[in-house]
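Examination of the molecular architecture
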Amino acid sequence: MLEVSGVSQLFGGVIALDRVSFTIAKGDITGVIGPNGAGKTTLFNIITGIYTRTAGKVVLEGTDVSGLPPERLARLGLVRTFQNIELFGGMTVHENVMVGMHTKSSSGLLACALKMPWSVAEERRIRDNSLKWLDFTGISDLAETTAANLPFGQGRLLEIARALAVEPRVILMDEPAAGLNNQETLALSRLIERIRATGITVVLVEHDMELVMEICDRIVVLNLGKKLAEGTPRETQDNPEVIAAYLGEDE
Amino acid sequence: MKRELLKFLAFALFVCLVPLACRGGYLINVLLFVGINTMLAIALNLLLGYAGQISLGHAGFFGLGAYLSGILTVTYGWNPWLAMPAAAALVGCLAGLLGFPILKLRGHYLAMATLGMGIIIYIVFNETIELTGGPSGLSGIANLSIGSLTFDSDCKNYYLVWFFALVTVLFSLNVANSRIGRALKAINDSEVAARVVGVNARLLKVQIFALSAIICSLAGSLYAHCMTFISPASFGFNFSVELLTMVVIGGLGSVYGPFLGAALLTLLPEILRGANDYDIVIYGALLVLMVMFMPGGLVRGFPELRRRLAKRKGGVEHA
Amino acid sequence: MGKGRGESLLVETGYSMQFSQILQYLLSGLSIGAIYALIGVGFSIIYNATGIINFAQGEFVMLGGMLTLFFLEMLKFPLWLAIPCAIAASTAAGILFERLAIRPLRRPTPINLVILTIGGSILIRGLAMLVWGKDTHAIPSFSGDEPISIGGATILPQHLWILGVTLLMVSVNKFYFNRTISGKAMRACAYNRRAASLVGIDVRRMVMLSFAISSAMGAVAGIIVAPLTMVAYDVGGMLGLKGFCAAIVGGMSSGIPTVMGGLILGVLESMGAGLISSGYKDAIAFIVLLLLLFLRPQGLFGKPESERV
Ligand SMILES: Nc1ncnc2c1ncn2[C@@H]1O[C@H](COP(=O)(O)OP(=O)(O)O)[C@@H](O)[C@H]1O
Ligand SMILES: [Mg+2]
């Protein structure tokens, strides 16, 4: 489904990623773990086209997508959420998700300005269909709230709803459980499993080991920009190198 | 949606009736300028209020529209109704071309680049004397006419200009409530998140920049044909700042805010007549005070102020 | 300016006209470029300490000139006293601007800051117009108007003053940023404001200090150029913008690159005005600005930097 091979990234003199390779199978939930500064967010930034990698290749279902900009990747079915939530703060929750349907609609600037009949029909479709994702993530009752005023946990859910509205094939989530309480984390893991059940491949950066061990099918461990290990949760848990890397970390 | 339409119709009716109240005279000339400035402010607001991209060079596009219309009709004898869209198309293309490198820039750099663009355009108006007449201006531009109806009085021009201004309002209203409007606001709030869900931010920014320039160009053509005389002084950096002031005072990202700002800033010098030299001080003070105390502009500032006052009252009662 | 006199001299020499004319353009370009450099360094100092492009920077250049005039004519101060007084007053105005407008800003987004500083610039300019009127005034040269000839070109003593003072200011600046505690603290702010405040640097004081230094530099630029160009309430706009162009060429550095940027712009402008067309003189700096922003936004001398998302 998603294949990363030999991806490296330099920032000035810092090697943030060093020839990282792994493959993600369709329909899996894959966890990417590693201590802070391991390069997990950088890896996501490269896969989703936000950074241009220094070297390496990213292949999505057989097509080389390395270096494509994020908006092209979204059309190819690759979306993500952010470690520091990036909402459209000035818009309502509903409108946020409606923006997520941008690739599923096509009226241009002029058609919209002139209110052509097809763009009006499309607008209605966007408005109605987007409600589905609010339901799916359980934030329907907040539809008319301004996104900037959302509590943190709901903000994370909105980000996921907006990403799902793109109807992606792969969704990458950067620390979705960070800052959530136990109950919210539990709900999140159910949500992630439901997302997978719709056939979407999930890739997940997470520090909450309990969550990772529970829901992930496979795990990739990064440390200091290098891939340390890869395998099932069981295998990685018992890997001495992984344990060594985490020594001193409180997870 | 219905309410928006009613509001617009009420606004249009208001615009149509105003001339009756002021019984011709000088005021109508000023109100005509409110119409032109409303178009310009809406154009800038599409770019700055929705997409969050500043321009300090919009007076340049306004001037290009005016000069292209003027030159095509006076020097080359074109029909004004042909010159106007030709000018708009040309300006749109220019803005589209310049937009790609310019809108790659952000924040202060974008402000500076658009400012530089505006100043260069202004210098060109001054220096290409064979074409534009240079600093002494271009005169003898014909009034517009439809059949035997010539728009040669302030009153006729008022309705002509406001016809275009109302169409512009409707345009921006439609854009604001569409997928494009939402995408623009998304770019403003978080460009990276907008791109990740598939919004082609670069292209959209350039498109809205070009549309905005086209509206300015149309306003410029109207200005040229109403005034029959144009000179570079109307299209300099100061006017770009004045446009910015209108949008900020009225309220960024709102549909009627730019109109409020345009009306206020166009009428202000008339109200302060005699105190002619003070207007520059007042512009400056207005800009500073608005950004500091009412960053949402008049359209949002007043309701918010009322809410805050009400809250304060409520608070006192509780205590 | 000295140019007129220089040109009449050139006609007489005739034969070496090309060379001496170019030398003439070069010299007058360098001296106006030095002014751009000073203003540009002022821009960069504030930008580095705060991330703000202060569009009001040019007004402090105007204030320098106008205040000198005020102390000279109204209060009948001698020049040597009027100048420091004018610098002090402009610096105070800079600090006031920061305290009254910039610091209280609730939502300091780049757009709001652009609008605020533009508003501030118009306000200062307008107030200057109300106080001093619209007339253009002359300020006496620091040491006479006897032209000095160099290799067929002539320059005025004031040109030497400009180059000398600029050199002095830039050296003082370099000393300040490299050798003094407060200068180092300001560099720390420029590098990372959060980290700077964590190690105990008073970031707010640094911000204020940056406004003070840059308005002082602007005022100095305005004072040394005034005898050549005359002063009026509206000289700040164009000078300020050109200074900004210099800073962009220098990649917003507060050191040598921006000085080089200013000198390059000054020379280009004076060559362009002399050899191509004087009407487009003001466009040159902006064409350079646009090209640079399009092609090398990191400045002529800088290395590209990756932006952190
Ligand atoms: N834009 C950037 N510029 C410079 N260094 C960066 C940039 N982005 C990340 N880094 C560096 O790359 C390394 C990996 O960071 P990151 O990917 O955020 O780690 P993680 O998400 O695993 O905590 C860190 O040392 C970080 O400082
Ligand atoms: Mg991270």
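Attention in this report is confined to the structure presented alongside it. Remember, predicted model here, so these are calculated numbers, not experimental data.

Examining the overall build of chain A
When you go through chain A residue by residue, the secondary structure sums to ten helices and ten strands. Taken over the C-alpha trace, chain A has a radius of gyration of 19 Å; the compact-globule value for 251 residues is 18 Å, and the two agree within 12%. Overall size of chain A, expressed as C-alpha extent along the three principal axes, is 60 × 40 × 30 Å. The 251 residues of chain A split such that 55% are buried. Partitioning the contacts of chain A with sequence separation of at least 6, the portion at a separation of at least 24 is 68%.

Re the interface of chain C and chain B
Taken together, the 46 residues of chain C in the interface contact 43 residues of chain B. Roughly 3,800 Å² of surface becomes buried between chain C and chain B when both sides are summed, with 81% attributable to carbon and sulfur atoms. Where chain C touches chain B, the interface holds zero salt bridges. Elements represented by at least two residues in the side of chain C that touches chain B include exactly α4 (79–102), α5 (110–132), α10 (236–249) and α12 (281–295) of chain C.

Regarding the packing of helix α11 (residues 237–250) of chain B against α5 of chain C
Where α11 of chain B contacts α5 of chain C, the two axes come as close as 11 Å, and the packing angle between them is 120°. Considered as vectors, α11 of chain B and α5 of chain C are oriented oblique to each other. Note on packing geometry: the crossing formed by α11 of chain B with α5 of chain C is left-handed. Residues N238, V241, L244 and V248 of chain B of α11 of chain B touch α5 of chain C, and the partners they reach there are I115, I118, I122 and R125 of chain C. Along the lines of polarity and charge, the residues of the contact of α11 of chain B with α5 of chain C split into six nonpolar, one polar and one charged.

Brief notes about helix α6 (residues 157–179) of chain C
Since the α-helix turns once every 3.6 residues, residues separated by three or four places project in the same direction. Over its 23 residues, α6 of chain C runs 32 Å from end to end, which matches the ideal 33 Å to within 8%, given 1.5 Å per residue. Of the residues making up α6 of chain C, those classed as buried are P157, Q158, H159, I162, V165, T166, M169, V170, N173, Y176 and F177 of chain C.

So, a positive patch on the surface
Residue and element names in this part refer to chain C. On the surface, a cluster of positive charge is made up of K174, R179, K184 and R187. Elements with a minimum of two residues in the positive patch: α6 and α7 (181–191). Locating K174 in the fold gives a position in helix α6. For K174, a relative accessible area of 49% corresponds to the partly exposed category.

Brief notes about the coordination of the magnesium ion (ligand 2)
Residues and elements named next belong to chain A. Coordination sphere of the magnesium ion (ligand 2), protein contribution only: T41 (OG1) and Q83 (OE1), at 2.0 to 2.2 Å. Here the residue T41 occupies a position in helix α1 (residues 40–47), and Q83 occupies one in the loop between β6 (78–80) and α3 (93–100), the gap between them amounting to 42 residues. The partly exposed category is assigned to Q83, whose relative accessible area is 28%.

Some points on unusual backbone geometry
One non-glycine residue with positive phi stands out, namely K115 of chain A, at about 50°. One can find K115 of chain A in the loop between α4 (109–113) and α5 (117–137). You will see that K76 of chain C, though not glycine, has its phi angle at about 55°, which is positive. Among the structural elements, K76 of chain C can be located in the loop between α3 (57–74) and α4.

A look at the pattern of salt bridges
With the rule as written, the count across this model stands at 23 salt bridges over all chains. Note that K227 of chain A and E230 of chain A form a salt bridge whose closest N and O atoms lie 2.7 Å from each other. By relative accessible area, which is 27% here, E230 of chain A ends up partly exposed. Close ionic contact of K205 of chain B with E191 of chain B constitutes a salt bridge, the shortest N to O distance being 3.2 Å.

Quick notes on the packing of α3 of chain C against α10 of chain C
Residues and elements named next belong to chain C. Across the interface, α3 lies against α10 with an axial gap of 7 Å and an inter-helix angle of 125°. Judged by the angle between their axes, α3 and α10 are oblique. In this structure, α3 meets α10 at a crossing whose hand is right-handed. Here α3 contributes G58, E59, V61 and M62 to the contact with α10, which in turn contributes G236, G237, L239 and G240.

Topic: the sheet that holds strand β1 (residues 2–11) of chain A
Residues and elements named next belong to chain A. If you walk across this open sheet you meet the four strands as β2-β1-β4-β5, and the pairing is antiparallel. On the outer flanks of this sheet lie β2 (14–24) and β5 (63–64), each paired with one strand and no other. Taken together, the seven bridges between β1 and β2 define a ladder with antiparallel strand orientation. Directly across from L2, in β2, lies its bridge partner I24.

Description of the packing of aromatic side chains
Applying the stated criterion to the full structure yields 27 aromatic pairs over all chains. Between F11 of chain A and Y51 of chain A, the ring centres sit 5.5 Å apart and the planes meet at 80°, which makes this aromatic pair edge-to-face. One end of the pair, F11 of chain A, is in strand β1; the other, Y51 of chain A, is in the loop between α1 and β4 (55–60), and 40 residues separate them in sequence. Seen from their ring centres, F11 of chain B and W162 of chain B are 6.2 Å apart, and the 75° between their planes marks the pair as edge-to-face. Placement of the pair is F11 of chain B in helix α1 (residues 2–22) and W162 of chain B in helix α7 (residues 154–176), with a sequence separation of 151 residues. Taken as a pair, F11 of chain B and W162 of chain B share a single burial class, namely buried. By way of ring pairs, the aromatic residues F33, F62, Y67, F125, Y223, F235 and F239 of chain B are connected into one cluster. The ring of F88 of chain A carries R162 of chain A above its face, with NZ or CZ at 4.4 Å from the centroid. Stacked on the ring of F136 of chain A, the Lys or Arg R194 of chain A has its end atom at 4.8 Å from the ring centre.

Points about the side chain of S141 of chain C
Residue and element names in this part refer to chain C. Assignment of secondary structure puts S141 in the loop between α5 and β1 (148–150). Here D145 takes part through its side chain, which lies 2.6 Å from a polar atom of the side chain of S141. Setting aside chain neighbours within four positions, we find S141 in contact with L79, Q158 and P227.

Parameters and conventions
- Residues numbered from 1 in each chain as written.
- Chains lettered and ligands numbered in written order.
- Predicted model: local features only at pLDDT ≥ 70, side-chain atom pairs only at ≥ 80, totals over all residues.
- Heavy atoms only, no water.
- Helix = DSSP H or I, 4+ residues; strand = E, 2+ residues; numbered from the N terminus.
- Rg over C-alpha atoms; globule rule 2.2 N^0.38 Å.
- Buried < 20%, exposed > 50% of the residue type's maximum accessible area, 1.4 Å probe, protein only.
- Contact = heavy atoms within 4.5 Å.
- Buried area = accessible area lost by both parts, 1.4 Å probe.
- Salt bridge = Lys/Arg side-chain N within 4 Å of Asp/Glu carboxyl O.
- Axes fitted to C-alpha atoms, helices over the stretch in contact; angles between N-to-C directions.
- Parallel < 35°, antiparallel > 145°, perpendicular 65-115°, else oblique.
- Left-handed = near helix turned anticlockwise from the far one by under 90°.
- Nonpolar A, V, L, I, M, F, W, Y, C, P; charged D, E, K, R; others polar.
- Expected span 1.5 Å × (residues − 1).
- Patch = residues over 30% accessible without salt bridge, like charges linked within 9 Å, V, L, I, M, F, W, Y side chains within 5 Å.
- Areas by Shrake-Rupley, 256 points an atom, 1.4 Å probe, with all protein chains shown as cover.
- Lys, Arg positive; Asp, Glu negative; His and termini not counted.
- Charge placed at Lys NZ, Arg CZ, Asp CG, Glu CD.
- Donors = N, O, S within 2.8 Å, 3.2 Å for Na, K, Ca; no water.
- Pairing = 2+ DSSP bridges.
- Phe/Tyr/Trp six-rings, centres within 6.5 Å; stacked < 30°, edge-to-face > 60°.
- Lys NZ or Arg CZ within 6 Å of the ring centre and 35° of its normal.
- Polar contact = N/O pair within 3.5 Å; in protein donor to acceptor, adjacent residues only side chain to side chain.

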